[in-house]
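Chains, contacts and geometry: an overview
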Number of protein chains: 2
Amino acid sequence: MTTTATTGTTSELDRARADFRQQLLDADLLVETGVPGLYGRSGTFENIVEGVDRVVVAAGPGSDATKLRFPPVFPRTSFERTDYIASFPHLTGAVNTFAGSNAEHAELLAARSRGEAWDSWLEPADTVLVSAACHPAYSRYAGALREGGELLDVYGYCFRHEPAVDPARMQAFRMHEFVRIGTEADAAQHRDSWVERGLEVLGSLGLDATAVPANDPFFGRAGRMLAVNQRTENLKTELTVRLYGDLDEGTAVVSCNCHREHFGETFGITTVDGQVAHSACVGFGMERIALALLRTHGLDVDLWPGQVRDRLFP
Amino acid sequence: MTTTATTGTTSELDRARADFRQQLLDADLLVETGVPGLYGRSGTFENIVEGVDRVVVAAGPGSDATKLRFPPVFPRTSFERTDYIASFPHLTGAVNTFAGSNAEHAELLAARSRGEAWDSWLEPADTVLVSAACHPAYSRYAGALREGGELLDVYGYCFRHEPAVDPARMQAFRMHEFVRIGTEADAAQHRDSWVERGLEVLGSLGLDATAVPANDPFFGRAGRMLAVNQRTENLKTELTVRLYGDLDEGTAVVSCNCHREHFGETFGITTVDGQVAHSACVGFGMERIALALLRTHGLDVDLWPGQVRDRLFP
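Residues numbered from 1 in each chain as written. Chains lettered and ligands numbered in written order. Predicted model: local features only at pLDDT ≥ 70, side-chain atom pairs only at ≥ 80, totals over all residues. Heavy atoms only, no water.

1. What to know about the relation of the copies chain A and chain B
In screw terms, the move from chain A to chain B is a rotation of 180 degrees and a rise of 0.0 Å along the axis, fitting with an RMSD of 0.0 Å. The symmetry that links the two subunits is that of a two-fold axis. Closest approach to the rotation axis among the C-alpha atoms of chain A is made by Val95(A), whose C-alpha sits 2.5 Å away. A share of 100% of the interface residues of chain A reappears at the interface of chain B, consistent with the copies meeting face to face through the same patch. (Least-squares fit on C-alpha atoms with pLDDT ≥ 70 in both. Contact = heavy atoms within 4.5 Å.)

Listed below in C-alpha cells is the structure:
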C-alpha cells in the first residue's frame, strides 16, 4: 500500500495523520478502542460505508457474478495454500483456542490471577483470520472451471496486524472484491478494465484518484525481491487519493491485482482446456474510501456536495 | 444454547442434523469450507439474512438507540474484563501473529517446509475474536452514564470455537443486539420486554417460537454451578424454534439476557447516581433465524408464504 512518506518530513506526516485520527474520534465518526488501528464505527460512519457499497455494487457485474459471503475466519488449510505466512507473516492473525481439561483450565486461571500470561494453555485452532476478502473463495473452485470461468462478488472483513496511527491503516477493515478466475486473457482483461472503472467510481464520488503501479508489503529481505518482481511484471495497480496533501504519495483506496497462476496453482484450479487457471481481482477498501470522502468533502456529511450525497444516499 | 437431545436418540438427532446440513449445501445455500461449523454463504442465504435484519431493525428502537458497529476482533484488555476465558475458554479465539526477525521467519519457513507446525514462532496479538456482539461496546461507557443510561444497537460477526455437524451451531455467525445499560430496573425491563417483542418478530415470520429459561454453556465443573445460578436467578431466556421436530428441545434463535452488574463492575460503569450499572441485551442470531425459516418454509425461498416474503423482501 502506497503510504510511504516522500515529500514531507516524517514528523509532519505523522502529525497530519494523528490530527485526522483525532478529528474522526472527536466528530464521533470512529470510536476509540485503545488498540492502535482498531476502531468502532458510529452510525454516521457506517452509513457512509453502506452508501459507498451501493455505489460499488451498482458499478459492478451485478447478476453476472456469483455472490459469496464469507465469515472473517477461514480454514487454516486454505490459509496454507495462499502462502501468506511466507510473504506476510507480520500481518497474519492465527486463531488459538483452549482445548484442555478441567485441571489445565484451573492452571490457566491460576496463572491469570497471578497476572501472568495464559496463552501457553491455548492451542492453534483450525481457522485463521481472513486477510483479503477473496482468499476464502478459491478452495471452492478446485478442479476444472466451467466454460468461461468464474466471476465472483465477495465482501467481508479483513484482518492485518499492522498497528498504526494513520486512521487509513486499520487492523480490521472491509473489502468488496470482484474476482475473475479463468484464462490468462480473462484475468488480465478483468484487472485492466477495473483500473478504468475504479477511477470512474471514485470520480463520481468527487474523489481525485490516480492509478499508480504498486507492490504488496512483502516481509523481510526475500520480500524485497518479490516486491520488485511484482512491479516489474506490472501485476498491481492501486488507485490512490491524497489524504495528507503533498506529505505522502497518497493512500490506496482501490487495488487492481493480477495473481497470474498463483491461486490456480496452489488451489488446483484449471481452465476448461486443462491449463492452470489465472486469477485477478479488484478490491474496494470500504473504510479507506469513506475516509477519503471525509477528508475531501469534510467531516460533516450534511455539508457534502449534493451530487455526492445523491450518489451515496439515494 | 438449548440444543441438547431429550426425546430422540442421539443418532436420530445426529442424522437429522447431518441431513439438513447436506440439504443446505446441495441447495447452494451454504458453502462447504472443510472446517466443521464454518461456511460460506450464497447470495440467496445472504439475502435472507439481510431480509431478517430489516425486520429486526424495524422492530427495534430505531433512532432512540446509538448505532455502533465493531470489527470481528476487539481489544484483549476488554476481553480480559469480560472474564470469558474463565467461563468459556473452549469457545475462545485469541489472535496470534508473527513479530520476529528475518532469521526467525527463515526458521518458521524451514519448519513449515519440513511439514512441521510453525505456530511456536507466533506470539499473542493485542486482539481477540468477538464472541458476543455487545462485548466490544462496554469499554466505551466506563465512568458515569448520562441520565437515563444507554440504549445501543450493535451488529457484527461473532466467533465461538465449537465445531459441530448441526448447521445451526456455526463457529462464525452474526448477532444483532439491542443493549441497555442503566439501572437495575432499566436492564430488567429491557430483557423482559424483548421476550415478548422477540416472539412477535419471530411469529411475524411464520416461526413457531417458545420462550424458555436457559443458561450459557459454562465450561467445566465450576461452570455447572454458574449455569445453575443463571437459571435460578432467571437471567437468560431463549426463544427457541424446533428445527428437528421432537428430536430435541429446539434451537435458540434469540437470546434475552440480564447481565446484572457483571459488565458494569468489570468495565467500571456507574449510573448517574453512582451505583454500579446493570446491563441487559437481546441478541438475534441471524444465521439461526435464516435456518429456522428454511426449515419451516422450505429450501426454495420462492415458495415461501407470501406474507413472509413480503415482510422479508418488501
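2. Quick look at the interface of chain A and chain B
Each partner contributes to the interface: chain A provides 63 residues, whereas chain B provides 63 residues. Both faces combined, the contact of chain A with chain B buries some 5,100 Å², and carbon together with sulfur accounts for 60% of it. Its largest share of buried area at the contact with chain B, chain A owes to Lys67(A), Arg112(A) and Trp118(A), together 11% of the area lost on that side. There are ten salt bridges connecting chain A and chain B. For Glu80(B), the salt bridge identified is with Arg112(A), shortest N-O distance 2.7 Å. Linking chain A with chain B are 27 residue pairs in polar contact (both at pLDDT 80 or more), by the criterion used here. Taken together, the residues of the side of chain A that touches chain B break down into 31 nonpolar, 18 polar and 14 charged. Looking at chain direction, strand E2 (residues 39-42) of chain A and strand E3 (residues 66-69) of chain B are connected through two bridges and run antiparallel. From the neighbouring strand, Arg41(A) faces E3(B), where its bridge partner is Arg69(B). (Buried area = accessible area lost by both parts, 1.4 Å probe. Salt bridge = Lys/Arg side-chain N within 4 Å of Asp/Glu carboxyl O. Polar contact = N/O pair within 3.5 Å; in protein donor to acceptor, adjacent residues only side chain to side chain. Nonpolar A, V, L, I, M, F, W, Y, C, P; charged D, E, K, R; others polar. Pairing = 2+ DSSP bridges. Helix = DSSP H or I, 4+ residues; strand = E, 2+ residues; numbered from the N terminus.)

3. Description of the domain arrangement of chain A
Residues and elements named next belong to chain A. By the assigned domains, chain A splits into domain 1 (10-93 + 131-312) and domain 2 (96-128). Taking only C-alpha atoms into account, the centre of domain 1 sits 35 Å from that of domain 2. Across the contact, seven residues belong to domain 1 and five residues belong to domain 2. Both sides together, the interface formed by domain 1 and domain 2 hides about 530 Å², and carbon and sulfur atoms give 58% of it. One can count zero salt bridges joining domain 1 with domain 2. (Domains from an automatic or database assignment.)

4. Observations regarding the environment of Ala185(B)
All names here are of chain B. Positionally, Ala-185 belongs in helix H6 (residues 184-204). On the accessibility criterion, Ala-185 (55% relative accessible area) is exposed. When the C-alpha positions of Ala-185 and Ser-279 are compared, they lie 9.7 Å apart, and in sequence the two are 94 residues distant. (Buried < 20%, exposed > 50% of the residue type's maximum accessible area, 1.4 Å probe, protein only.)

5. Here we look at the sheet that holds strand E1 (residues 30-32) of chain B
Read from one edge of the open sheet, nine strands run E10(A)-E11(A)-E12(A)-E14(A)-E9(A)-E8(A)-E3(A)-E2(B)-E1(B), paired in mixed fashion. The strands lining the two open edges of the sheet, one partner per strand, are strand E10 (209-213) of chain A together with E1 of chain B. Looking at each pair of strands side by side, their axes are set apart by 25 degrees on average, direction ignored. Bridge count for strand E12 (residues 251-260) of chain A against strand E14 (residues 278-285) of chain A is six bridges, and the pairing is antiparallel. The residue of E14(A) that forms the bridge with Val254(A) is Phe284(A). Here helix H2 (residues 43-59) of chain B sits on the sheet in contact with strand E3 (66-69) of chain A together with E1 and strand E2 (39-42) of chain B, set at roughly 80 degrees to E2(B). (Axes fitted to C-alpha atoms, helices over the stretch in contact; angles between N-to-C directions.)

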